[in-house]
Amino acid sequence: MSIRDNLAAVGGDIARAAERAGRAPEDVRLIAVAKTKPQSAVVEALQAGQMIFGENRVQESQGKYPDLRADWPDIELHLIGPLQTNKTRDAMALFDVIHTVDRPKLVRALAREAQALGRCPSLLIQVNTGEEEQKAGVLPADTEALVALVRAEGLPLQGLMCIPPVEDAPSGHFAFLKRMADDLGLAWVSMGMSGDYPAAVELGATHIRVGSAIFGAR
Ligand SMILES: *Cc1c(COP(=O)(O)O)cnc(C)c1O
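In short, a report on the structure. Remember, it's a predicted structure, so these values are computed and weren't measured experimentally.

With that settled, the discussion passes to the site of the ligand. Among the 13 residues in the neighbourhood of the ligand, the closest are listed as Lys-35, Ser-194, Gly-211, Ser-212 and Arg-218. Compared with its free state, where it exposes 390 Å², the ligand has 89% of that area covered by protein.

Written out as structure tokens, the structure is:
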């Protein structure tokens, strides 16, 4: 299967899952996660009409996208991996959306750079819904306070993101994150990967992050 075929298959799955849930398929944004894949794979996806991409490392993205944007100015780039405060400026210069805001120190760094740049990417807060020790993300109990801080800094907060624990059924986490977003007045919900995106769409995802189902195993 080519990248083009895979994109068509994922698109079909999204449409069917949306239909089951009574949602409009165009309300679900497919983020093609190209981490570790070469620029040629991104070009194949672009040629098939895919414009939204996800990466989890700032440095890898700096080598992959800037020259593509000359030919495809509509590329929309999402950072879905952890962000260190010393990479904030580079990330804000390159990415349109950052999914991994998860601590006050990072919020303050983003606010400083937004002031300097005069603009800021759309932001999502990553919630550690499984309360896993080693995992990035703010704990559910601390999320409301972090939302309030981002809003107080005047930053463009759009939604919440989660990565469920691998050993759990994801649906409970998806339903939980969607409810949290609704309660906090946030419109975007980033959840669902190659193994579980149809369930995420049924439970209200507005952004799904799909890598291996499009680009093959890493
Ligand atoms: C790699 C990655 C994905 C995509 O994973 P696949 O299983 O390849 O679809 C989604 N979200 C995040 C945060 C990732 O790091």
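Attention shifts here to the environment of Gly-192. By the element assignment, Gly-192 lies in the loop between β7 (188-190) and α9 (197-202). We classify Gly-192 as buried; its relative accessible area is 2%. Between the alpha carbons of Gly-192 and Thr-206 there is a distance of 9.8 Å; along the sequence they are 14 residues apart. In contact with Gly-192, not counting residues within four places along its chain, are Phe-174, Tyr-197, Ala-200, Ile-208 and Arg-209.

Ranked by internal contacts, the top residues of the largest apolar core, which has 60 residues, are Phe-53, Ile-98, Ile-125 and Ile-208. Counting residues per element, this core draws most heavily on helix α1 (residues 3-20), which supplies 6 residues. For Ile-98, the contacting residues outside a window of four places in its chain are Leu-79, Leu-83, Ala-91, Met-92, Leu-110, Pro-121, Ser-122, Leu-123 and Leu-124.

Look at helix α6 (residues 104-117) against helix α7 (residues 140-152): their axes get within 10 Å of each other, and the N-to-C directions meet at 15°. As far as their axial angle goes, α7 and α6 are roughly parallel. α6 and α7 meet at a crossing whose hand is right-handed. Side by side, α6 and α7 meet where Pro-104, Val-107 and Arg-108 of the first sit next to Leu-146, Leu-149 and Val-150 of the second.

With that settled, consider the environment of Ile-163. Mapping Ile-163 onto the fold places it in the loop between β6 (157-161) and α8 (170-183). Along the primary structure Ile-163 and Gly-11 are separated by 152 residues, whereas in three dimensions their C-alpha atoms are 21 Å apart. Residue contacts for Ile-163: discarding those within four places in its chain leaves Gln-126, Glu-132, Lys-135, Met-193 and Arg-209.

Another aspect to go through is the packing of α1 against helix α2 (residues 39-47). Relative to each other, α1 and α2 sit at 55°, their axes nearing to 9 Å. Considering their axes alone, α1 and α2 lie oblique with respect to each other. Of the two possible hands of crossing, α1 and α2 adopt the one that is right-handed. Facing Ile-3, Arg-4 and Leu-7 of α1, the residues of α2 in contact are Ala-41, Glu-44, Ala-45 and Gln-47. Tallied by class, residues from the contact of α1 with α2 come to 4 nonpolar, 1 polar and 2 charged.

Counted at 1.5 Å a residue, the expected span for α6 with its 14 residues is 20 Å, and the 20 Å between its end C-alpha atoms agrees. Inspection of α6 places Leu-106, Val-107, Ala-109, Leu-110, Ala-111, Glu-113 and Ala-114 among the buried residues, and these make up the whole buried set. If you follow the buried residues of α6, they end up packed against α5 (88-94), β4 (97-101), β5 (122-126) and α7. Positive phi appears at Gly-118, one or two residues downstream of α6, with a value of about 75°.

So, how was this worked out
- The written sequence of each chain sets the order in which its residues are numbered from 1.
- Where totals are concerned, whole chains, interfaces and linings use all residues; where local detail is concerned, this predicted model gives features only for residues with pLDDT of at least 70, and gives and counts side-chain atom pairs only at 80 or more.
- With hydrogens and water excluded, all non-hydrogen atoms of the structure serve as input to the side-chain values.
- The rule for a residue being near a molecule or strand is that one of its heavy atoms must lie within 4 Å of it.
- Where accessible areas are quoted, they stem from the Shrake-Rupley method and a 1.4 Å probe; at the residue level, only the protein chains shown are allowed to cover.
- Helix numbering and strand numbering both begin at the N terminus, where a helix is a DSSP run of H or I of at least 4 residues and a strand a DSSP run of E of at least 2.
- Using a 1.4 Å probe on the protein chains alone, a residue whose accessible area is under 20% of its type maximum counts as buried, one over 50% counts as exposed, and one in between counts as partly exposed.
- Note on definitions: a residue-residue contact is assigned when non-hydrogen atoms from the two residues lie within 4.5 Å.
- Here the nonpolar core consists of buried residues drawn from Ala, Val, Leu, Ile, Met, Phe, Trp, Tyr and Cys, with membership extended through side-chain atoms lying within 4.5 Å.
- For every element, the axis is a line fit to its C-alpha atoms; helices are fit only across the contacting stretch, and the angle between N-to-C directions ranges from 0 to 180 degrees.
- Angle categories: roughly parallel below 35 degrees, roughly antiparallel above 145, roughly perpendicular from 65 to 115, and oblique for all the rest.
- By convention, the crossing between two helices is left-handed when the near helix turns anticlockwise from the far helix through less than a right angle, and right-handed when the turn is clockwise.
- Gly is placed with the polar residues, together with every amino acid not listed as nonpolar (Ala, Val, Leu, Ile, Met, Phe, Trp, Tyr, Cys and Pro) or charged (Asp, Glu, Lys and Arg).
- Multiplying one less than the number of residues by 1.5 Å gives the expected span of a helix.

Spatial relationships are all this shows, so hold off on functional conclusions.
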